[in-house]
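Chain by chain, the residues run as shown.
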Amino acid sequence: MSSIRTRLFIILIAATTLIWLFATAWIYLDTKRQLQHVLDTRLMEAARMVGSLVTSGEIALSARAGEAPASIPLPEPTHVGYERQLSCQIWSFDGRLIGRSSGAPETALSNETSGFSEQEVGGEPWRVYAFADRDRGIRVLVGDRLGLRDRLVTDLVRGLVLPAIVVVPLLAFLIWASVGRGLRPLRRLTQSLKARGPEDLSAINVGNPPSEIRPVVDALNGLFGKVAAAREHERSFTAFAAHELRTPLAGLRTQVQVALAARDPEIREGALKQTLVAVDRTSRLVRQLLAMSALDAAAEDGEAQEIVVGPAIEEATASRTPGKTGIRVEIDLTLHQTTVRMNRELFHLVVRNLHENAVQHSPEGGLVRWLLDGDTRPPSITVEDEGPGIPEDEINHVTDRFFRGRHRSPVGSGLGLAIVDTALKRANASFVLRNRQDRPGLRAGFGVFLSKAPAGKLSIRSP
Amino acid sequence: MRILVVEDDAVLLDGLKVGLGLHGFTVDAVASCGDARAALATAEFDALVLDLMLPDGSGLDILRELRRRQDATPVLLLTAKDTVADRIGGLDSGADDYLGKPFDLDEVAARLRAISRRAAGRATPTLSWNGIELDPGRRTVEIDGNPVVLSRREFSILEALIKHPGTVLSKDQLADRLYGWEEDVESNAVEVHVHHLRVKIGRDAIETVRGLGYRLRSA
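All values reported here derive from a predicted model rather than from experimental measurement.

1. Things to note about the UniProt feature "transmembrane region" (unreviewed entry) in chain A
Residue and element names in this part refer to chain A. According to UniProt, the feature "transmembrane region" (unreviewed entry) maps to residues 7-29 and 160-179 in the numbering used here. Structurally, residues 7-29 comprises 100% helix and 0% strand, and the distance from its first C-alpha atom to its last is 33 Å. Helix makes up 100% of residues 160-179 and strand 0%, with an end-to-end C-alpha separation of 27 Å.

Spelled out as structure tokens, the structure:
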């Protein structure tokens with residue numbers, strides 16, 4: 001498991017160390033260069049000074065061969081660690097050592113006549129500046145050991161690195177602690193999520209979350225809200241369904257009891273017929289409940305297909321609607337030339353429920369007619385019946401689940417139009433529900449939203 | 001016993017009408033609040049069976065109106081909503097009893113007898129007067145311990161009279177107890193039934209009060 005804390009810690013420590021190392025390297029190189037420059041200048045000045053002292057006669061040189069070289073006074077070393085920083089030699093042009101500082105080696109520090117050079121003297125590398133005085137015929141050599149220079153730089157760098165070694169663990173601790181502190185809201189969120197039960201869908205409350213966590217909290221709260229709404233919907237649907245099944249079941253039971261108790265064959269037959277009606281109604285209710293929950297549960301809207309409307313309506317309305325006889329059904333010929341792009345199952349469900357609704361509200365011998373209604377935009381596939389229609393104040397409620405209006409049919413469940421509405425929303429189609437103007441009756445149809453789903457557009461094929 | 005059933009489900013309404021009829025009740029059946037109000041305005045019922053969810057309102061409205069008028073007619077609520085809260089709400093609105101759907105027809109009949117008995121201030125399930133013993137539940141009549149077989153109408157007349165012994169009930173009042181609206185009543189139907197009843201339980205058990213009606217002979 002990768003922890004944000006560990007990861008942040010490693011990144012921060014690595015970055016800090018890297019920057020530190022880089023800075024140290026930079027300082028090392030830069031210091032070394034500066035030091036070189038300063039020390040070289042010193043060599044040069046010392047050489048010139050010695051030269052001028054010789055010229056002014058303040059330094060007496062041994063003039064003859066075999067005589068010991070004169071001693072040249074140089075500033076005494078100030079630091080214990082860097083003693084004998086400078087050595088000086090004065091050579092005659094003919095190759096005699098005619099003067100040297102104390103501690104300077106007896107072999108020549110350099111073979112150059114002038115300028116800087118590096119040379120191994122007595123097993124040690126030296127940096128030497130040579131200065132030639134042609135008038136007096138001497139060469140002044142001033143040098144220092146490179147080892148000394150390196151030690152200076154090394155000591156300086158050590159002075160930088162040593163505190164770092166002490167500070168890094170301290171820094172590590174601080175980083176660890178502050179990352180932990182920074183992640184505290186996240187931990188609080190985790191704890192609050194861990195602590196809640198499966199039924200608890202209330203919004204998370206973690207005080208005032210920082211802006212990085214707020215989107216997470218908001219998203220989670222949004223999700224909780226959606227789940228709670230879905231569950232509530234499911235719960236109320238189940239309660240409604242159970243409730244709606246009770247009345248037909250009570251009717252069934254009562255009629256069966258009547259049939260059992262009646263001695264009069266006429267009463268018994270009547271009760272059995274009523275039982276049949278109740279069974280039909282109950283099974284229709286169950287079928288619709290299943291259709292409704294299938295619609296609710298379907299995650300996807302299914303694939304849209306080209307459907308020739310006429311035959312599809314014939315197919316969907318072929319099975320007998322229980323409880324009604326003598327209803328005439330007409331399917332307008334234009335529908336046979338009309339195709340619609342829609343999911344076939346949704347189409348079937350919509351047509352079947354609209355048809356059942358129309359048949360159930362029709363009077364004996366009434367006409368149920370399917371037609372293409374060009375008055376609506378877009379044109380809608382419509383069924384009209386000769387029933388009582390829907391009171392205007394109820395027309396907006398008939399698509400509510402389990403709503404049964406004043407003009408209810410005895411076998412209605414209050415689900416049919418709700419199913420149609422849900423299925424049409426799924427199919428991105430509009431539901432057109434109006435009372436007939438020419439006579440009592442209902443026109444119920446569906447068109448397809450052209451703007452929302454170009455794929456679902458209703459097209460009329462010319463014959 | 002004449003009762004009014006208010007229920008909007010056609011199958012259930014029919015079942016209650018026929019089934020309670022088999023139990024000896026005279027049943028008027030209506031399917032909406034409006035029809036129930038009309039029925040209550042025109043006739044007197046011994047008990048009311050009331051569904052709660054009706055197309056044009058709630059059965060509870062009918063119940064509250066009834067109680068506001070100081071009408072003490074016993075009311076049995078029959079409903080699909082039977083959570084504890086629903087039951088409490090129903091009973092506190094003035095209902096005498098509460099049955100959740102689906103129910104047993106015999107239980108409905110028994111509860112109707114029970115609430116009407118209690119409404120009449122009786123605790124015993126049987127009615128007796130001068131050696132006549134009538135059991136509304138089992139629908140039996142005994143005279144001095146000997147069982148007598150009565151027709152449905154005869155039983156209803158005797159039941160109505162024995163509930164208020166000594167009180168005169170008019171022919172119209174008796175006819176109300178015997179027939180629902182939809183039944184055609186011959187003008188002399190009550191007289192015919194009283195005549196048959198007298199043959200079975202004794203000629204002088206029922207007194208005719210001229211111009212007023214009938215009553216059971218006092219001891």
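Text resumes after the structure shown.
2. Observations regarding a nonpolar patch on the surface
Residue and element names in this part refer to chain A. Among the surface-exposed residues, Phe22, Trp26, Ile27, Leu156, Leu160, Val161, Leu162 and Ile165 lie close enough to one another that they form a single nonpolar patch of about 760 Å² accessible area. For the nonpolar patch, the secondary-structure elements that each account for two or more residues are helix H1 (4-56) and helix H2 (146-182). It is H2 that contributes the most residues to the nonpolar patch, 5 residues altogether. Its place among the elements puts Ile165 in helix H2.

3. Observations concerning H2 of chain A
Residues and elements named next belong to chain A. With 37 residues, H2 ought to run about 54 Å at 1.5 Å a step, and its terminal C-alpha atoms sit 51 Å apart, in line with that. For H2, the set of buried residues is Leu146, Leu148, Arg149, Val153, Val157, Ala164, Ala172, Ile175, Val179 and Gly180. The inward-facing, buried residues of H2 contact H1, strand S4 (115-121), strand S5 (124-133), strand S6 (138-145) and helix H3 (184-195).

4. Regarding unusual backbone geometry
All names here are of chain B. Going from Lys101 to Pro102, the amide bond is cis rather than trans, its omega being -10°. Tracing the backbone shows Pro102 in the loop between strand S7 (97-100) and helix H5 (105-119). You will see that Asn130, though not glycine, has its phi angle at about 50°, which is positive. Structurally, Asn130 can be placed in the loop between strand S8 (127-129) and strand S9 (132-135). Classification of Asn130 as partly exposed rests on a relative accessible area of 37%. One non-glycine residue, Arg139, adopts positive backbone phi at about 55°. Mapped onto the elements of the fold, Arg139 is located in the loop between S9 and strand S10 (140-143). Overall, Arg139 belongs to the partly exposed group, its relative accessible area being 25%.

What counts and what doesn't
Residues numbered from 1 in each chain as written. Chains lettered and ligands numbered in written order. Predicted model: local features only at pLDDT ≥ 70, side-chain atom pairs only at ≥ 80, totals over all residues. Heavy atoms only, no water. UniProt positions renumbered as here; feature names shortened; annotations may be inferred. Helix = DSSP H or I, 4+ residues; strand = E, 2+ residues; numbered from the N terminus. Patch = residues over 30% accessible without salt bridge, like charges linked within 9 Å, V, L, I, M, F, W, Y side chains within 5 Å. Areas by Shrake-Rupley, 256 points an atom, 1.4 Å probe, with all protein chains shown as cover. Salt bridge = Lys/Arg side-chain N within 4 Å of Asp/Glu carboxyl O. Expected span 1.5 Å × (residues − 1). Buried < 20%, exposed > 50% of the residue type's maximum accessible area, 1.4 Å probe, protein only. Contact = heavy atoms within 4.5 Å.

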